[in-house]
Amino acid sequence: MTDTPAVAESIRTSILRRSYRKAFPSAVRGEGVYLWDSAGKRYLDFAGSAAVNFIGHGVQEISAAMAEQARQLEFVHSSQFTTPVAEEYAQALIEFAGENFRGGGVFFTSGGSEATETALKLARQYQVEIGQGKRHQVLSRTQSYHGATLGALAVSGNQRRREIYLPMVREFAHIGIPYCYRCSYDCKDGCRNCGQEYAAELERAVLAANGEAAAFIFEPVSGATLGAVAPPPGYLESVAEICKRHGVLLIADEVMTGMGRTGRNFAVEHWGVAPDIVVTAKGMSSGYAPLGAVIANKKVVDAIASGSGSLLHGFTYNAHPISMAAGLAVLRYLGERQLVQAAETVGASLQSALEGLRELESVGDVRGIGLLWGVEFVSDKRSKKPFAPELNFAGRVGQAAMKRGLMLYPMQGCVDGVAGDHLLIAPPAVISEEQIRWAVEQLRAAVVELTT
Ligand SMILES: Cc1ncc(COP(=O)(O)O)c(C=O)c1O
């Protein structure tokens, strides 16, 4: 990716970079589904950066609301003050989260990892408050990602992202995750029945924890790690029932899937599941400000409010007024323009365009829901054999697409944590049919370029 003059002349600048193997173009402007670099090159943001932007770039209402808040009051510490904007936003979010969260509460953070950390600690404190002090283990799933901080990495399963930190984290049980294209139960019916086999793994893990399980955390639709894998029928319903029966809190990590991305306010709604705690971020502010949240149901909030009365947790910047103004403006904007509904209808067009990629020799699977899609590559379609990881196939598709002005989110490791290449596609909900058609054409051309 060194083809545009906008690429920083030197890879090594004063920024400690995510990669010293490539140069990054310098982004200067965004509007709708497009981003521009400093050389004037335009990119269609087909991944919403990393499933972040949902309302489109450059929406003036959002920056105006943030500027107005900054003019009035830039910051107070949440141990000393609340603010009108935080109160209004929390109330609006509780309503957005639906009946299950009526009477509950929102804890605001600066992003997804902080929100996961908060949820883990909140689950532990809840158990202590109700006299279940033995419960401290948080169970999770193998191929998953819940954040970059050490607590969040402990419950994540994404091998590449956590491998070298393992000696630093305290680990609890990780159960298998339903991944129909490569089902561990080797079923032939699209996982119609094996949802129950996967759910039974949770029950066994809870029993093995011997009364110490505090919570179970899961992504309703797998995000980056597997690439938009939705659960099989009945699985999440059984998981929720098992947690309830064993006094284990159910934490839905909707950092990527929440705030409309899948065509529902929160993805769990597709399966009628009512978690005790929802973790969310990305789409909340659509990227206009650093923002995340933990939404807890009444049971959890009551345990603390009428128990010890104080949450043993906090960050300097939780409920930052400018982030609150951004989040509230985004929530209003997506409500007024019915963007959650759009995620379902536009998602259907995206699906039919992406399905056409299946005819390519290297495309093994196309999967997803709403505006969250994954394309998995294979070196042999019949055996589903992945490309050798060192080929960095998805990464190279991403680079070829970027040259064509198309932004994707390439990942590796979906097969076993190391092998397996896939792309995540998660455009803003304002993408048009014409833009989808163009983007999928570029994607196809990028894949063909690499395989011919
Ligand atoms: C499901 C999920 N949880 C947590 C996180 C961490 O969020 P953040 O990167 O905002 O800290 C991510 C980020 O991609 C995510 O996809």
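What you see is a predicted model, and the numbers here were worked out from it, not measured in a lab.

(A) Seen up close, the sheet that holds strand β14 (residues 409–412). The four strands are arranged β11-β12-β15-β14 in an open sheet whose pairing can be described as antiparallel. Either end of the sheet is taken by a strand with one partner, and the two such strands are β11 (363–369) and β14. The mean inter-strand angle of the sheet, taken between neighbouring strand axes irrespective of direction, is 20°. As defined by bridge partners, strand β12 (residues 372–377) adjoins strand β15 (residues 421–425) across five bridges and the pair is classed as antiparallel. The residue of β15 that forms the bridge with G374 is L424. Running over the sheet, helix α11 (residues 339–355) touches β11, β12 and β15 and is turned about 10° from β12.

(B) Focus on the nonpolar core. Counting residues in hydrophobic clusters, the biggest one holds 112 residues, and the most contacted among them are F46, I62, F108, F216, F377 and L443. Counting contributing residues per domain, this core is built from domain 1 (27–55 + 338–451) and domain 2 (63–336), each supplying no fewer than three. When residues no more than four places from it in sequence are discounted, the contact partners of F377 are S362, V363, G364, F387, F393, A394, V397, D421, H422, L423 and V447. Grouped together as the second largest cluster of nonpolar side chains are 22 residues, F107, L122, A123 and V155 included.

(C) Inspection of helix α3 (residues 84–97) at higher detail. For α3, which comprises 14 residues, the first-to-last C-alpha distance of 20 Å matches the rise-based estimate of 20 Å (1.5 Å per residue) to within 8%. Taken as a whole, α3 has its buried residues at V85, A86, Y89, A90, L93, I94, F96 and A97. One side of α3 holds all its buried residues, which, seen down the axis, span an arc of 160°. Relative to its buried face, α3 has exposed residues pointing more than 90 degrees away, namely P84 and E95. The inward-facing, buried residues of α3 contact α2 (60–72), β4 (105–109), β10 (292–296), α10 (321–336) and α11. Directly beyond the C-terminal end of α3, a positive phi value near 90° is found at G98.

(D) Up close: the site of the ligand. All residues adjacent to the ligand are G111, G112, S113, Y145, H146, G147, E219, D253, V255, M256 and K282. In the environment of the ligand, a nitrogen atom lies 3.4 Å from a nitrogen or oxygen atom belonging to the backbone of Y145. Between the ligand and the protein, one listed contact pairs an oxygen atom with a side-chain N or O atom of K282 at 3.0 Å. Alone, the ligand offers 390 Å² of accessible surface; in the complex the protein occludes 82% of this. Its residues assigned to classes, the shell around the ligand shows three nonpolar, five polar and three charged.

(E) Looking closely at the packing of aromatic side chains. Summed over the entire model, instances satisfying the criterion amount to eight aromatic pairs. On the basis of an interplanar angle of 10° and a centroid distance of 4.0 Å, the ring pair of F387 and F393 is categorised as stacked. Taken together, F377, F387 and F393 form an aromatic cluster joined through their ring pairs. The ring centre of W36 lies 4.0 Å from the NZ or CZ of R29, which sits over that ring. Cation over ring: R42 sits above Y34, and NZ or CZ is 3.9 Å from the ring centre.

(F) Spatial organisation of the environment of V255. Topologically, V255 is positioned in the loop between β8 (249–254) and β9 (277–280). Distance in space between the C-alpha atoms of V255 and S432 is 25 Å, their sequence separation being 177 residues. Setting aside residues no more than four positions away along its own chain, V255 makes contact with G112, V279, T280, A281, K282 and G283.

(G) Fine view of the sheet that holds strand β1 (residues 27–31). The strand order across the open sheet formed by four strands is β1-β2-β3-β13, and the pairing between neighbours is mixed. In this open sheet, the two strands that pair with only one neighbour each are β1 and β13 (406–407). Pairing of strand β2 (residues 34–37) with strand β3 (residues 42–45), which is carried by three bridges, proceeds in the antiparallel orientation. By the bridge assignment for β3, W36 is matched with R42.

(H) Region of the structure containing the pattern of salt bridges. Within this structure, the stated rule accounts for 21 salt bridges. Its salt-bridge partner being K298, residue D302 comes within 2.7 Å of it at the nearest N-O pair. Remark: K298 and D302 occur in helix α9 (residues 298–305); sequence separation between them is four residues, near one turn of the helix. A network of salt bridges, in which partner residues are shared, links R182, E355, R358, D365, R367 and E376.

(I) Focus on the pairing of β12. Counting buried residues in β12 gives six out of six residues, a clear majority hidden from the surface. Of the two faces of β12, both are covered, the one formed by L372, G374 and E376 as well as the one formed by W373, V375 and F377. Alignment of β11 against β12, held across six bridges, turns out to be antiparallel. What sits directly across from I369, in β12, is L372. The loop that links β11 with its antiparallel partner β12 comprises two residues; one of these, G370, has a positive phi angle of about 55°.

(J) Expanded view of the environment of F387. For F387, the location among the structural elements is in the loop between β12 and α12 (393–403). Separated by 25 residues in sequence, F387 and Q412 have C-alpha atoms that sit 10.0 Å apart. Ignoring sequence-local partners within four residues, the contact set of F387 consists of S362, F377, V378, S379, F393 and D421.

Basis of the calculations
Counting from 1, residues in each chain are numbered in the order their sequence is written. The predicted nature of this model means local features are confined to residues of pLDDT at least 70 and side-chain atom pairs, given and counted, to a pLDDT of 80 or more, with totals for whole chains, interfaces and linings taken over all residues. Note that the side-chain values use all heavy atoms of the structure and ignore hydrogens as well as water. For two strands to be treated as a pair, DSSP must find no fewer than two bridges joining them. A helix here means a DSSP run of H or I that spans at least four residues, while a strand means a run of E at least two residues long, and both kinds are numbered starting from the N terminus. Only the contacting stretch of a helix is used when fitting its axis, a line to C-alpha atoms as for every element, and angles between N-to-C directions run 0 to 180 degrees. In this analysis, two residues are considered to be in contact whenever any of their non-hydrogen atoms come within 4.5 Å of each other. Residues belong to one nonpolar core when they are buried, are Ala, Val, Leu, Ile, Met, Phe, Trp, Tyr or Cys, and are joined through side-chain atoms within 4.5 Å. When accessible area is computed with a 1.4 Å probe and restricted to protein chains, residues below 20% of their type maximum are described as buried, those above 50% as exposed, and intermediate ones as partly exposed. For the domains described, the bounds stem from an automatic or database domain assignment. Helices are assigned an expected span. That span is 1.5 Å times one less than the residue count. Directions pointing from the helix axis toward each C-beta atom define the arc. Only a single heavy atom is needed: when it lies within 4 Å of a molecule or strand, its residue is near that molecule or strand. Counted as a polar contact is a pair of N or O atoms within 3.5 Å, where, for protein atoms, one must be capable of donating a hydrogen and the other of accepting one, and residues adjacent in sequence contribute only when both atoms are in side chains. Accessible surface area values rest on a Shrake-Rupley calculation with a 1.4 Å probe, where residue burial reflects the displayed protein chains alone. When residue character is reported, Ala, Val, Leu, Ile, Met, Phe, Trp, Tyr, Cys and Pro are called nonpolar, Asp, Glu, Lys and Arg charged, and the others, Gly included, polar. Each Phe, Tyr or Trp ring (for Trp, its six-membered ring) is paired with any other whose centre lies within 6.5 Å, and the angle between the two planes then decides the class: stacked below 30 degrees, edge-to-face above 60, tilted in between. In this analysis the charged atom, NZ for Lys or CZ for Arg, is taken to sit over a ring once it is within 6 Å of the ring centre and within 35 degrees of the ring normal. Salt bridges are defined by distance alone: a side-chain nitrogen of Lys or Arg within 4 Å of a carboxyl oxygen of Asp or Glu.

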